[in-house]
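# A structural walkthrough
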Amino acid sequence: SPEFAELLEEYENRPLRRGDMVTGTIVYLEKDVAYVDVGAKRDALVSARDLGSLDSGLLENLKMGDEIQVFVTRTAFRGGTLEVSIERGLEAMDWQRAAKWQTEERLESYPVTGVNSGGILVQFGRLSGFVPNSQINEVRRHPSRERDDVKRNLVGQKLTLKVIDVDQDRRRLVLSELAAQDEVRKQRMGALEVGQKIEGRVVSLVDFGAFVDLGGVDGLVHISNLDWRQVGHPSDVVQEGQTLEVLVTGVDVERERISLSRKALLPNPWQDFAEKHAPGELLEGVVESVADFGAFVRLEEGIVGLIHVSEMGDHGNREAEDVFKPDDRVLVRITDIDVERERVGLSTRKVTREEAFDWMIEEEEKPA
């Protein structure tokens, strides 16, 4: 209808207002002046000052016919010059990008450009972002008297951060390293699966195991899962800073706990033992310890078997401690092998007198 056409024409010809963001096409470009067609009655001027504020690389890449976002800095009121800013347009796009990344919870690396008493400054495109002291990992680890030095050492480095507050009107852009690390942990936890083999770096040792950094999230190798042999302390097997291949055995996302095993990826000595030996076979070993119920004997490859008191032979009613002493060399017969329970049953009662006599003669003939 004629009325609709008039309204449409009025909307399309609405005069631009200061602060508008519009898309335009470069129609003229020299090193000190440019004109942009923004759909108004006249082309908009980009001043020499604005062009001079652009990065040299960006300015060199601009050419006539390019479509760009510009910011209206002066309107053509009463026949005046319509002026736009490429720099302010790019800056406004950075604000839009910051808001978008906050919504998306996106993680990015930003260069640290400066420090102040409250935190550090980082470069976000053409904007200066702020990271408070409470949101910087390294700062939180040090006492307050060392924090200024810690922050100065961060200048020139890149930190992975997450946008947590955007207020363009107040020119407030706040980022956080702690929030980024929380996001990394969530993502990393979600990517881990039980049964997965993964490499990590040992970051700390405690009495009950070793903590391993899996790339943003730590997992625990319990001391019982460090090695097939009994481990007195984790430092007997691994060292801080060492790279380990481990198996993921448990993932608890809610409690942020990851269970790992180094032992599961090592050759199983019990399986090897079972493949090489069978019940009825004679072996020699060394008594490792003695208990009320029997004696533990260390065999080859670190396997420890048990001579139960009922398998000690004809020693009357004497206690196990009276029959065997630690470090005694003994000849034993295998009675059973249980790989799953990691147990080997041994017997001296089932060793014949002739077998024991021949073994003792061989022992005496061995060079000292």
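Preceding block: the structure.
As a starting point, this report considers the structure included with it.

The next point concerns the pairing of strand E14 (residues 243-252). Pairing of strand E11 (residues 197-206) with E14, which is carried by five bridges, proceeds in the antiparallel orientation. Bridged to Glu199 within E14 is Glu245. As judged from the five bridges shared by E14 and strand E15 (residues 257-261), these two strands associate in the antiparallel manner. Note that in E15 the partner of Gly250 across the bridge is Ser259. Hairpin connection, E14 to E15: the antiparallel pair is bridged by four residues, and Glu256 has positive phi, about 50°.

Locating Leu127 in the fold gives a position in strand E8 (residues 127-132). Separated by 239 residues in the primary sequence, Leu127 and Lys366 have C-alpha atoms spaced 82 Å apart. If sequence neighbours within four positions are ignored, Leu127 has contacts with Glu91, Asp94, Trp95, Val122, Arg171 and Leu173.

In this section: helix H7 (residues 177-191). The terminal C-alpha atoms of H7, which comprises 15 residues, lie 21 Å apart, in line with the 21 Å expected from a rise of 1.5 Å per residue. Those residues of H7 lying buried are Glu177, Leu178, Ala179, Ala180, Glu183 and Met189. Looking at where H7 begins, the residue whose side-chain oxygen comes 3.2 Å from the main-chain nitrogen of Leu178 is Ser176.

Here the focus is the sheet that holds E11. Judged by pairing direction, the barrel is mixed, and its five strands sit side by side in the order E11-E12-E13-E15-E14 before closing back on the first. Each strand axis lies, on average, 50° off the axis of its neighbour in the sheet, ignoring direction.

So, how was this worked out
Residues numbered from 1 in each chain as written. Predicted model: local features only at pLDDT ≥ 70, side-chain atom pairs only at ≥ 80, totals over all residues. Heavy atoms only, no water. Pairing = 2+ DSSP bridges. Helix = DSSP H or I, 4+ residues; strand = E, 2+ residues; numbered from the N terminus. Contact = heavy atoms within 4.5 Å. Expected span 1.5 Å × (residues − 1). Buried < 20%, exposed > 50% of the residue type's maximum accessible area, 1.4 Å probe, protein only. Polar contact = N/O pair within 3.5 Å; in protein donor to acceptor, adjacent residues only side chain to side chain. Axes fitted to C-alpha atoms, helices over the stretch in contact; angles between N-to-C directions.

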